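This is what each chain is made of:
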Amino acid sequence: MAAKPRFRNDAVAGTDRKHPVDETLPPLKMFTSGLQHVAAMYAGVVAPPMIVGPAVGLTAKETAFLMGASLFTAGIATLLQTLGFWRIGARLPFVNGVSFAGVTPMVAIGKDRGHDGIAVIFGAIIVASLLGFVLAPYFGKLVRFFPPVVTGTVITLIGVSLLPVAFNWSQGGNAAADDYGSMTNIIMAAGTLVIVLALRKILRGFLQQIAILLGLVIGTLIAIPVGITDFGAVQDAGLVGFPTPFHFGGPQFELAAIISMCIVMLVCMTESTADMLALGKIVGRPADARTIEGGLRADTLGSAISPLFNGFMCSAFAQNIGLVAMTGVRSRFVVAAGGGILIVLGLVPVAASVIALVPLPVLGGAGIVLFGSVAASGIQTLATAALEKGENALIVAAAVGIGLIPIAAPQFYHAFPEDLLVVLDSGISTGCVVAILLNLAFNHLGRAPEGMEEETANGEHVVPAAAGAGVH
């Protein structure tokens, strides 16, 4: 009798050979391949705390601490996904890190509130993550309410909402400073932007993948003789440290903040589902319902644990899926090695503080590309949303228009109750709610419009395959 495959969806049915996903590589190749994944995601992991820290009023040293904590918790979340236990983990080469989706809502929640703002953010993340963990087995039934017309709108708003941060950095970051908006700052930002674009054009392979990281390094080196680089954070950082649990105080729970982060969690779960489906095809192990359930549990459990160590909400990093496709290295243990490297980096405060060396104008120039690429990914997703059918174009128009209100007219909601402002001041949250409600009204309630029945019947909108592209 033929031997049974040892692994689910084995590439060679009827053999005992391990699936490439479950293979281990020689130690050196395991380390270097894992380091590639870390390099591809590093800038994306540290960027959210670099935005949130100053926005809530943290010092440069405290912001560097947040960055180290984010690296540490990204490593934990990645290990949960790749190695897993019980029914937790997709057990695919799946990288997790801090999601950009939560940045704007977190800034709205904690703006100028210092440690209390961070505590409220952490409390909201914990509640939203536990809710997501409970919903994980049932999420497949909810995904149909997040078709590309919704996810594309939200991803676009994420990128557009973050661009003003890059513009502020490009001017110097501190509106009260004498050199805010100076020609020196803006020229440095423009120079970094040109360097990043040139590197993306000239380089190939792995180096092209880390063009933003290389651009930050080159821009910082140029900024040293210009005199806008501050070495204070590195001088104050220790060689070894641990992200002390609840360093900024115990979590605080506010209803409006919790609602806002619950919306973000649903968006993150949708992105992760799409990424798991895409990754499953790339590695030759299609993601079934159990894989998706396990992956979402790892996402949400990692996000629930993250605030304990002063980290933020975690979700899939789509750029690393592209790295798997490009290199052909499908082993989940390679990505697990990358998770281990992230944990080590999180335990070395000086590593996180080195990123704090990057002058804000340099970061702003790279941020235009980084955040703009998020918006571009949303537009790419909308291209698959059948905007010519039914009222999909109207859904996008209304959701984007309302989502842009906090950016275009920051004082628009000034007369509303303060508790509501946490949600209303986040264009991502308001745009997502509008997109979901309009999608329900036009595409789900009552009879589907002519031309929409085929889309619903064949399930194209059930899994938004492009939803997670690059939203980190």
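Treat the numbers as computed from the prediction; the structure is a model and nothing was measured. (Residues numbered from 1 in each chain as written. Predicted model: local features only at pLDDT ≥ 70, side-chain atom pairs only at ≥ 80, totals over all residues. Heavy atoms only, no water.)

Colleague: Describe helix α9 (residues 211–226), with residues and values.
Modeller: Along its 16 residues, α9 runs 22 Å from first to last C-alpha, staying within 8% of the 22 Å computed at 1.5 Å per residue. Phi turns positive, to about 95 degrees, at G227, one or two residues after α9. (Helix = DSSP H or I, 4+ residues; strand = E, 2+ residues; numbered from the N terminus. Expected span 1.5 Å × (residues − 1).)

Colleague: Requested: an account of unusual backbone geometry, with residues and values cited.
Modeller: Positioned with a positive phi, R91 is a non-glycine residue whose angle comes to about 55 degrees. Turning to its location among the elements, R91 is positioned in the loop between α2 (60–82) and β1 (96–98). The partly exposed category is assigned to R91, whose relative accessible area is 26%. (Buried < 20%, exposed > 50% of the residue type's maximum accessible area, 1.4 Å probe, protein only.)

Colleague: Before we move on, can you summarise the side chain of N185 with the specific residues and values?
Modeller: Among the secondary structure elements, N185 is positioned in helix α7 (residues 183–202). Classification of N185 as buried rests on a relative accessible area of 3%.

Colleague: Describe the nonpolar core, listing the residues and the values that go with them.
Modeller: Counting residues in each nonpolar core, the largest one holds 98 residues, and the members touching the most others are V52, F100, I121, M261, F312 and F371. Residue contributions to this core peak at 14 residues, all from helix α11 (residues 255–283). Beyond its immediate chain neighbours, meaning those up to four positions away, F312 contacts P49, V52, L66, S70, V98, M106, I121, F122, I125 and S306. Among the nonpolar cores identified, the runner-up in size contains eight residues, and F72, A298, L301 and I343 belong to it. (Core = buried A, V, L, I, M, F, W, Y, C linked by side-chain atoms within 4.5 Å. Contact = heavy atoms within 4.5 Å.)

Colleague: Could you give an account of the packing of aromatic side chains, with specific residues and numbers?
Modeller: Under the criterion given, the structure shown has five aromatic pairs. Taken together, a centroid distance of 5.3 Å and an interplanar angle of 70 degrees make the contact between F72 and F309 edge-to-face. Taken together, the positions of F72 in helix α2 and F309 in the loop between α12 (289–305) and β2 (314–316) put the pair 237 residues apart, joining distant regions of the chain. Like F309, F72 is buried. With centroids separated by 5.4 Å and ring planes inclined at 90 degrees, the aromatic side chains of Y413 and F416 adopt a geometry described as edge-to-face. Overall, the relative accessible area of 9% leaves Y413 in the buried class. On the basis of relative accessibility, which here comes to 41%, the residue F416 falls in the partly exposed class. Taken together, the ring pairs connect F412, Y413 and F416 into an aromatic cluster. Between the NZ or CZ atom of R297 and the centre of the ring of F133, over which it lies, the distance is 5.9 Å. (Phe/Tyr/Trp six-rings, centres within 6.5 Å; stacked < 30°, edge-to-face > 60°. Lys NZ or Arg CZ within 6 Å of the ring centre and 35° of its normal.)

Colleague: For empty space enclosed by the protein, give the residues involved together with the corresponding values.
Modeller: A full pass over the atoms with the stated rule returns four cavities of 30 Å³ or more. What the largest cavity holds in volume is close to 100 Å³. Considering the residues around the largest cavity, the lining is formed by 14 residues, among which A43, A47, L216, L363 and L370 are closest to the centre. Elements with a contribution of two residues or more to the lining of the largest cavity: α1 (27–56), α9 and α16 (360–382). Per-class residue counts for the lining of the largest cavity are 13 nonpolar, one polar and no charged. (1 Å grid on protein atoms, 1.4 Å probe; cavity = no way out; pocket = protein on both sides within 12 Å on 5 of 7 lines; lining within 4 Å. Points joined across faces, edges and corners; volume = space filled by probe spheres on them. Nonpolar A, V, L, I, M, F, W, Y, C, P; charged D, E, K, R; others polar.)

Colleague: For helix α20 (residues 427–443), give the residues involved together with the corresponding values.
Modeller: In a regular helix each residue adds 1.5 Å, so 17 residues correspond to 24 Å; α20 covers 23 Å between its end C-alpha atoms and thus fits that length. Among all positions in α20, only G427, I428, S429, T430, G431, C432, V434, A435, I436, N439 and N443 are buried.

Colleague: Mind laying out the pattern of salt bridges, listing which residues take part and the relevant values?
Modeller: Applying the stated criterion across every chain, the model contains four salt bridges. For the salt bridge of R285 with D22, the shortest nitrogen-to-oxygen distance reads 2.5 Å. Of this pair, R285 sits in the loop between α11 and α12 while D22 is found in the segment before α1, placing the two residues 263 residues apart along the sequence. Residue R332 pairs with D22 through a salt bridge whose shortest N-O separation is 2.9 Å. With R332 in helix α14 (residues 332–346) and D22 in the segment before α1, this residue pair connects regions lying 310 residues apart in the sequence. Each of the two residues, R332 as well as D22, counts as buried. When salt bridges with common partners are traced through the structure, they connect D22, R285 and R332 into a single cluster. (Salt bridge = Lys/Arg side-chain N within 4 Å of Asp/Glu carboxyl O.)

Colleague: Which residues make up the packing of α7 against α16, and what values do they have?
Modeller: At a minimum axis distance of 7 Å, the contact between α7 and α16 shows a crossing angle of 45 degrees. Considered as vectors, α7 and α16 are oriented oblique to each other. The handedness of the crossing between α7 and α16 is right-handed. Within the contact between the two elements, α7 uses N185, M188, A189, T192, L193, V196 and L197 and α16 uses P361, V362, G365, A366, I368 and V369. Here the contact of α7 with α16 is composed, by residue class, of 10 nonpolar, three polar and no charged. (Axes fitted to C-alpha atoms, helices over the stretch in contact; angles between N-to-C directions. Parallel < 35°, antiparallel > 145°, perpendicular 65-115°, else oblique. Left-handed = near helix turned anticlockwise from the far one by under 90°.)

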